[in-house]
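Chains, contacts and geometry: an overview
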Amino acid sequence: MKENRFLYLISFIACMLVILIHTRFPGNFGMAMDAVCRMAVPFFFTLSGRFLLRDGDDVAKQIRVRSGAYLRKILKITAIVYVVYFIYSLLIHIYLGDSIKEWLVSKYSLKEGLLFIFFNSGTYVYDSVFVFDHMWFLFALIYAIGLIYVFAFVLRKWYKALIGILLVLLYFGEALQTFYPIRPLNISITTWYVMRNWLFVGLPFVLLGILLSDIFRKKKLKYGDSYIDEMTKHRISFILMIVLGIFFSIVETFIFGKKEVYIGSLIMVIGIFLLSECRVYAGRYLYDIGKRSSARIYYYHVLVIAIIDRLSYDEVIPYPSMWLKPFLVALVCLIIFYFVPSLFSKKENMQ
């Protein structure tokens, strides 16, 4: 299972779901789809934890070697993505005739800096040109992996309790959003980033990935060559678990309102990773999109949305309807980040 095609397939689906979060369908159908889509970001965090450590990485030195290498990789990716969005924003503000100095002062104010440090949000990671702070994921991942690196010597002792504590706090905070909206630090708890950040989403789901990896390793040691057969016996149960998570997410959103992470999201993510250890046919093509392009689609789909919106505002193209826009953005992303690179790759191989 050096290449888990099922998880590549889910990665493709998850990046499409993130697009749907940011280009939401209208009406009750849109609410239901948004609820289901909320599993995508927890899935990506869990995926990072699932393959962070190798089998047997129990000593602090080993954990730091692996987490340090991954941290350097994420820092490099984050820097590139951030620069791309910064340059795009700068060019659009120049095009609109805005004062660059005023834009920079407002974008990088002390208040916004504190929001970025504590919540991975604020105008440091979005502005009026691209209004979604999706880059919070990368910074939250940096925080989570960085903490694993620093506290590697107690990771195996603390991580199970920490997962439980942080998830309880996450869902308790989301309950407060509905029933008793307090104002910690004079910020309403209903503000999206108060519960959706490195602490309550990023860290627990990365640690959940490590926990699942440990569970799977122990079962492999127990069952040996028959491990996959033993897991596959429970395949229907895992599928039903995912379906139950979808159902819970939809029910939760219509009863309690929109949340960043539903209990159903957690159930779906766990069910997906359990199913990933079974014999599951992942198709011949879609998994390859997940393997080659899901990360780039996640990082740059907001840029595609921003460009489409700008072209629409300037009346270069008609503004797409709410029903059409998700499909348009997804299609453009697939063309730019999968089909075009694949075409050039094939040409290079032929030469």
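For the structure itself, consult the block above.
Residues numbered from 1 in each chain as written. Predicted model: local features only at pLDDT ≥ 70, side-chain atom pairs only at ≥ 80, totals over all residues. Heavy atoms only, no water.

**Comments concerning the side chain of Ser121**
Residue position: Ser121 is located in the loop between helix H6 (110-119) and helix H7 (136-150). Within polar-contact distance, the side chain of Ser121 engages the side chain of Asp133 at 2.6 Å. Those residues in contact with Ser121 that sit more than four places away from it in its chain are Glu112, Leu115, Phe116, Tyr126, Asp133, Trp192, Tyr193 and Arg196. (Helix = DSSP H or I, 4+ residues; strand = E, 2+ residues; numbered from the N terminus. Polar contact = N/O pair within 3.5 Å; in protein donor to acceptor, adjacent residues only side chain to side chain. Contact = heavy atoms within 4.5 Å.)

**Comments concerning unusual backbone geometry**
Residue Leu185 is not a glycine yet carries a positive backbone phi of 55 degrees. Secondary-structure assignment places Leu185 in the loop between helix H8 (155-179) and helix H9 (192-195). In this structure, Asn186 takes a positive phi of about 60 degrees despite not being glycine. Residue position: Asn186 is located in the loop between H8 and H9. Judged by relative accessible area, Asn186 falls into the exposed class, the value being 61%. (Buried < 20%, exposed > 50% of the residue type's maximum accessible area, 1.4 Å probe, protein only.)

**Notes on the state of the cysteines**
Counted according to the given criterion, the structure contains zero disulfides. Between Cys333, a free cysteine, and Cys15, which holds the nearest cysteine sulfur, the sulfur-to-sulfur gap is 8.1 Å. When its relative accessible area of 0% is taken as the criterion, Cys333 is described as buried. (Disulfide = S-S within 2.5 Å.)

**Quick look at the pattern of salt bridges**
A complete count under the given rule lists 14 salt bridges for this structure. The salt bridge involving Lys107 is made with Asp127; its shortest N-O contact spans 3.2 Å. Note that Lys107 is positioned in helix H5 (residues 100-107) and Asp127 in the loop between H6 and H7, a separation of 20 residues in sequence. Residue Lys107 is classed as buried on the basis of its relative accessible area, which comes to 3%. Residue Asp127 is classed as buried on the basis of its relative accessible area, which comes to 7%. Linking Asp214 and Arg217 is a salt bridge whose minimum nitrogen-to-oxygen distance equals 3.0 Å. Of this pair, Asp214 and Arg217 both sit in helix H10 (residues 198-223), separated by three residues, roughly a single helical turn. (Salt bridge = Lys/Arg side-chain N within 4 Å of Asp/Glu carboxyl O.)

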